[in-house]
Amino acid sequence: MEQSQLVTLLNEMSLEEKIGQMLQVTGMFFEEEGIVTGPENIAGYTEDEIRQAGSMLGTVGAERLKKIQKEYMEKQPHHIPLIFMSDIINGFRTIFPIPLAQGCSFHPELVEEGAAIAAKESAAAGLHLTFSPMADLVRDARWGRVMESTGEDPFLNGCLAKAMVKGYQGTDGLKAKGKIAACIKHFAGYGAPTAGRDYHTVELSQRTLQDDYLPAYKEAVDAGAAMVMTSFNTLDRIPSSGNRKLMREILRKEMGFNGVVISDWAAIEELVCHGVAKDQKEAAKLALEAGVDIDMMTSCYCKSLKELVEAGAVSELLIDEAVLRILNLKNELGLFENPYKDGDVSDENALILCREHREAARRMAAETFVLLKNDKMLPLAKKEKVAFIGPYVLSRETYGAWSMFGTCEATVSLEDGVRKKGALEIFTAKGCDLPEDIRETGAREELLQEAVALAGKADKVVLALGEHRMWSGEAASRGEITLPDCQMELFRQVQAVNPNVAVVLYCGRPLDIREISEKSAAVLVVWMPGTEGGNAVADVLYGDTNPSGKLSMSFPYCVGQAPVFYGQLCTGRPFQEGSQEKYVSRYIDIPNKPLYPFGYGLSYTEFTVSPVELSGKQMSKGEQIKASVMVKNTGTRKGQEVVQMYLGDVCGSVARPRRELKGFRKVCLEPGEEREVCFEIREEMLRFHDINMDYVSETGEFKVWIGNSSDTENEAAFLLIE
Ligand code: BGC
């Protein structure tokens with residue numbers, strides 16, 4: 001449709017019809033027998049209100065969605081199609097590793113490929129839009145939703161959010177076959193809840209918000225994401241869904257976003273709980289004026305907007321503006337011509353979990369694993385007698401908290417994976433249970449004894465431990481970030497009879513693994529690796545794939561450090577590790593440094609990075625400096641290394657992070673091979689919000705580090721001059 005036709009359509013619509021477009025409901029109201037409203041209808045929608053809704057979430061399946069669309073459009077006065085949305089976070093049916101793990105790949109092309117596959121599968125199942133990427137910066141491992149982010153670094157998050165948008169949406173417009181629209185969330189600052197408790201208050205200074213938290217959303221906006229979702233939290237004590245400055249000034253004006261803004265689930269009504277609106281009606285007014293176009297799953301808009309307009313309390317123009325944006329999105333998706341888009345049962349059958357998709361999931365998974373420690377323990381040899389012990393040897397629940405459409409039946413367990421490797425002798429034992437309910441112990445004496453006996457007979461033990469997948473994700477914050485007691489008991493008893501223990505850690509967040517890290521011979525973090533997890537873990541354990549992941553989020557020494565991240569400020573009393581000085585910024589009982597920092601990760605081979613060479617010692621604005629190193633594979637296996645460049649501003653008008661990631665490259669080297677890795681340093685990379693909140697760079701001294709972790713000391717310096 002032409003833009004003018006959309007405006008004509010809008011002008012023909014009644015006020016009720018327009019308000020209907022601004023409501024999103026779940027698919028649970030649509031059943032064989034028509035619209036059903038049972039006890040789940042907590043919003044108290046009338047059948048008519050549901051009938052008017054402009055979009056639907058959480059329901060999939062080409063056949064089902066076609067049926068709903070057809071019926072709905074027949075009754076909709078202007079035959080306007082619904083948009084079908086859902087949370088396709090790390091894959092649709094072929095499940096990829098969780099986003100936090102994807103961050104560890106430091107491999108945007110791979111992340112883009114994963115998103116493209118998720119788009120293909122879900123488009124075939126009738127979907128039009130996914131609520132992804134989550135571009136929230138995360139630094140507190142207590143928060144359960146760190147698993148949905150790509151980590152603690154603004155630059156890495158920006159690169160990967162952009163890659164996901166490209167993967168979902170492609171570059172040929174949203175109508176293109178196999179593409180779906182992307183929705184950036186949760187705007188803004190949701191990743192910084194106080195004390196890591198979900199939905200809690202967010203306190204961020206304007207500068208931290210601007211310099212650290214907003215850049216990744218901005219990258220995704222620039223990549224053309226069609227939609228933005230508000231966040232549940234307050235920022236500066238104003239809840240996002242009623243935050244006019246955030247949505248209209250920052251998002252729309254400063255960032256230039258002109259797509260649709262949707263509230264998070266029930267977030268408009270929650271303005272009442274936040275205490276900024278006295279009732280639903282006031283909440284509706286606040287949200288509309290803030291620029292929220294779609295009300296997800298409350299009745300604030302559908303029950304109040306009409307009255308508000310008729311009373312002259314809100315302008316109908318605001319409604320028109322919102323509805324036009326929604327119609328525009330429907331038009332961009334091509335729904336007026338083809339309301340089912342790519343929904344097609346035979347495509348669905350052909351694409352979902354097809355070999356190509358599984359292979360991609362397996363490849364990606366192996367690149368997200370992070371080898372934290374390896375005392376000549378891994379890889380395993382096929383002639384070794386290995387006991388695979390732990391609840392994750394058999395468990396297929398390895399697809400993460402958000403994989404609504406992933407299934408155990410489709411998932412490869414670790415046992416399935418290692419059995420295919422053709423090793424001479426392997427044994428397996430569960431060791432203990434892994435209940436979904438964190439309050440249950442999971443301990444069983446007979447399982448423990450069986451495991452210890454097997455461990456005693458083996459050359460090596462692989463202990464597959466971790467959190468249940470539902471211990472991270474939404475509403476899954478944890479105050480303790482340790483492994484359950486029964487798993488620690490299993491670890492201790494197994495380790496006592498056989499010290500050759502490699503721990504394979506399944507988790508949705510960085511955990512406190514001090515004891516494991518100290519006593520085991522190897523630690524491999526595999527996060528929630530998805531459908532092909534078992535094969536990918538086996539590939540890495542047996543050395544068919546060399547691990548190359550780097551932490552996207554620091555592993556704290558213990559929970560008391562949270563939030564801990566590499567990009568902290570210096571403070572006025574910086575602490576030198578190892579110093580005994582008292583009146584400096586430090587703990588008296590634990591170190592300041594995390595156990596394993598951002599960017600860290602080992603390989604089965606070794607790499608050296610030569611001292612940093614700069615093409616010049618100073619540059620003025622508009623010029624560039626080339627920073628380069630020689631990277632060499634000095635080991636005996638082919639492997640990939642993530643070369644990382646960090647910049648640090650020695651003295652600015654405001655305190656600056658010690659260092660910030662500004663570039664990375666993943667290089668693959670044969671044994672003995674050496675390659676130059678070059679980065680450009682440009683003036684824009686040195687910008688930040690200065691003392692006047694202007695986004696500028698300041699002349700003076702800068703440091704540059706290039707290495708294979710955020711704590712590299714491979715340093716050089718240069719000057720930025722006028
Ligand atoms: C979550 C969002 C999600 C939405 C729809 C909310 O509870 O915060 O991330 O997209 O539900 O499922």
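Scroll up to find the structure.
Residues numbered from 1 in each chain as written. Predicted model: local features only at pLDDT ≥ 70, side-chain atom pairs only at ≥ 80, totals over all residues. Heavy atoms only, no water.

**A word on the overall build of the protein**
Part 1: Looking only at helices and strands, one finds 21 helices and 29 strands in the protein.
Part 2: Against the compact-globule benchmark of 27 Å for 722 residues, the protein has a radius of gyration of 26 Å, which places it among compact chains.
Part 3: Projecting the C-alpha coordinates of the protein onto the three principal axes gives extents of approximately 75 × 65 × 45 Å.
Part 4: Put simply, the protein has 722 residues, and 62% of those count as buried.
Part 5: Per element, the accessible surface of the protein, about 27000 Å² overall, is 49% carbon and sulfur.
Part 6: Side-chain charges in the protein split into 80 positive and 106 negative, and the spacing between the mean points of these groups amounts to 3 Å. (Helix = DSSP H or I, 4+ residues; strand = E, 2+ residues; numbered from the N terminus. Rg over C-alpha atoms; globule rule 2.2 N^0.38 Å. Buried < 20%, exposed > 50% of the residue type's maximum accessible area, 1.4 Å probe, protein only. Areas by Shrake-Rupley, 256 points an atom, 1.4 Å probe, with all protein chains shown as cover. Lys, Arg positive; Asp, Glu negative; His and termini not counted. Charge placed at Lys NZ, Arg CZ, Asp CG, Glu CD.)

**With respect to the sheet that holds strand β23 (residues 639-649)**
Paired through their backbone hydrogen bonds, the strands of a sheet run either parallel or antiparallel.
Part 1: The strand order β21-β29-β28-β23-β24 describes an open sheet built from five strands, whose pairing is mixed. The sheet is open, and its two borders are formed by β21 (618-620) and β24 (660-669), each paired with just one other strand. When strand polarity is set aside, the average angle formed by the axes of neighbouring strands in this sheet is 25°.
Part 2: Relative to β24, β23 runs antiparallel, the two being bridged by nine bridges. When the sheet's bridge partners are listed, Leu647 is paired in β24 with Glu660. (Pairing = 2+ DSSP bridges. Axes fitted to C-alpha atoms, helices over the stretch in contact; angles between N-to-C directions.)

**Details of the nonpolar core**
Part 1: The biggest cluster of nonpolar side chains holds 120 residues, and the ones touching the most others in it are Phe187 and Leu329.
Part 2: In terms of residues, this core owes the most to one element, helix α13 (residues 316-332), which gives eight residues.
Part 3: If near-sequence neighbours (up to four positions away) are discounted, Leu329 is found in contact with Ile83, Leu129, Leu174, Ala181, Ala226, Met227 and Val260.
Part 4: Core analysis: the next-biggest nonpolar cluster, separate from the first, contains 86 residues, Met134, Met377, Leu454 and Ala455 among them. (Core = buried A, V, L, I, M, F, W, Y, C linked by side-chain atoms within 4.5 Å. Contact = heavy atoms within 4.5 Å.)

**Here we look at the site of the ligand**
Part 1: Near the ligand, the surroundings consist of 13 residues, among which Asp87, Arg145, His186, Asp264 and Glu474 are the closest.
Part 2: Separating an oxygen atom of the ligand from a side-chain N or O atom of Lys185 is a distance of 2.9 Å.
Part 3: One nitrogen or oxygen atom from the side chain of Glu474 is found 2.8 Å from an oxygen atom belonging to the ligand.
Part 4: In terms of residue class, the shell around the ligand is made up of seven nonpolar, one polar and five charged. (Near = heavy atom within 4 Å. Polar contact = N/O pair within 3.5 Å; in protein donor to acceptor, adjacent residues only side chain to side chain. Nonpolar A, V, L, I, M, F, W, Y, C, P; charged D, E, K, R; others polar.)

**Section: the environment of Gly400**
Part 1: Tracing the chain through its elements places Gly400 in the loop between α16 (391-394) and α17 (414-419).
Part 2: In this structure, the C-alpha to C-alpha distance between Gly400 and Ile89, residues 311 residues apart in sequence, is 9.6 Å.

**Notes on the environment of Leu82**
Part 1: Tracing the backbone shows Leu82 in the loop between α4 (62-75) and β5 (83-86).
Part 2: Each C-alpha atom, one on Leu82 and one on Lys703, is 53 Å from the other, the two residues being 621 residues apart in sequence.
Part 3: Aside from chain neighbours lying at most four places away, what touches Leu82 is Ala53, Gly54, Ser55, Met56, Ile68, Gln69, Tyr72, His128, Lys330 and Leu335.

**Re unusual backbone geometry**
Peptide bonds are, in most cases, trans, and in most cases residues other than glycine have a negative phi.
Part 1: The amide bond that connects Ser132 to the next residue, Pro133, takes the cis arrangement and shows omega of 10°.
Part 2: Within the fold, Pro133 resides in the loop between β6 (129-130) and α7 (154-169).
Part 3: Omega for the bond connecting Phe187 with Ala188 falls within 30 degrees of zero, at 5°, which places this linkage in the cis form.
Part 4: Mapped onto the fold, Ala188 is located in the loop between β7 (181-187) and α8 (206-222).
Part 5: Positive phi is not limited to glycine here, since Phe106 has a value of about 45°.
Part 6: In this structure, Phe106 sits in the loop between α5 (99-104) and α6 (108-124).
Part 7: Classification of Phe106 as buried rests on a relative accessible area of 1%.
Part 8: If you check the backbone angles, Ala475 has positive phi at about 55° while not being a glycine.
Part 9: With respect to the secondary-structure elements, Ala475 resides in the loop between β16 (460-466) and α19 (485-497).

**Concerning the packing of aromatic side chains**
In this description, an aromatic ring pair is defined by two values, namely the gap between the centres and the angle between the planes.
Part 1: What the rule picks out here adds up to 15 aromatic pairs.
Part 2: Relative to Tyr190, the ring of Trp143 has its centre 4.9 Å away and its plane inclined at 85°; by these criteria the two rings are edge-to-face. With a gap of 47 residues between them, Trp143 in the loop between β6 and α7 and Tyr190 in the loop between β7 and α8 connect regions that are remote in the sequence. No difference in accessibility class separates Trp143 from Tyr190, as the two residues are buried.
Part 3: By way of ring pairs, the aromatic residues Phe106, Phe155, Tyr566, Phe598, Tyr646 and Phe664 are connected into one cluster.
Part 4: Positioned above the aromatic ring of Trp402 is the side chain of Lys185, whose terminal nitrogen or guanidinium carbon lies 5.4 Å from the ring centre.
Part 5: Above the plane of the ring of Phe427 lies Lys457, whose end atom (NZ or CZ) is 5.2 Å from the centre. (Phe/Tyr/Trp six-rings, centres within 6.5 Å; stacked < 30°, edge-to-face > 60°. Lys NZ or Arg CZ within 6 Å of the ring centre and 35° of its normal.)

**Looking at the sheet that holds strand β15 (residues 425-429)**
Part 1: Overall, mixed pairing links the six strands, which are arranged β13-β18-β17-β16-β14-β15 in an open sheet. Single-partner strands in this sheet number two, and they are β13 (370-374) and β15. Neighbouring strand axes in the sheet, compared pairwise and without regard to direction, differ in orientation by 15° on average.
Part 2: Bridge count between strand β17 (residues 501-506) and strand β18 (residues 522-525): four bridges; the pairing is parallel.

**Re the side chain of Gln487**
Part 1: With respect to the helices and strands, Gln487 occurs in helix α19.
Part 2: With residues up to four places along the chain from it excluded, the contact list for Gln487 reads Pro391, Cys432, Leu434, Leu465 and Gly466.

**What to know about the pairing of β18**
Part 1: Alternating residues of β18 divide into Ala522 and Leu524 and Val523 and Val525, and every residue in both groups is buried.
Part 2: Strand direction decides the pairing type here: β13 and β18, joined by four bridges, are antiparallel. Within the sheet, the bridge partner assigned to Leu371 lies in β18 and is Leu524.
Part 3: In this region the chain leaves β17, passes through helix α20 (residues 514-519) and returns to the parallel neighbour β18; the handedness of that crossover is right-handed. (Right-handed = clockwise from strand over helix to strand, strands pointing away.)

Functional significance is not addressed by these values, which are geometric in nature.
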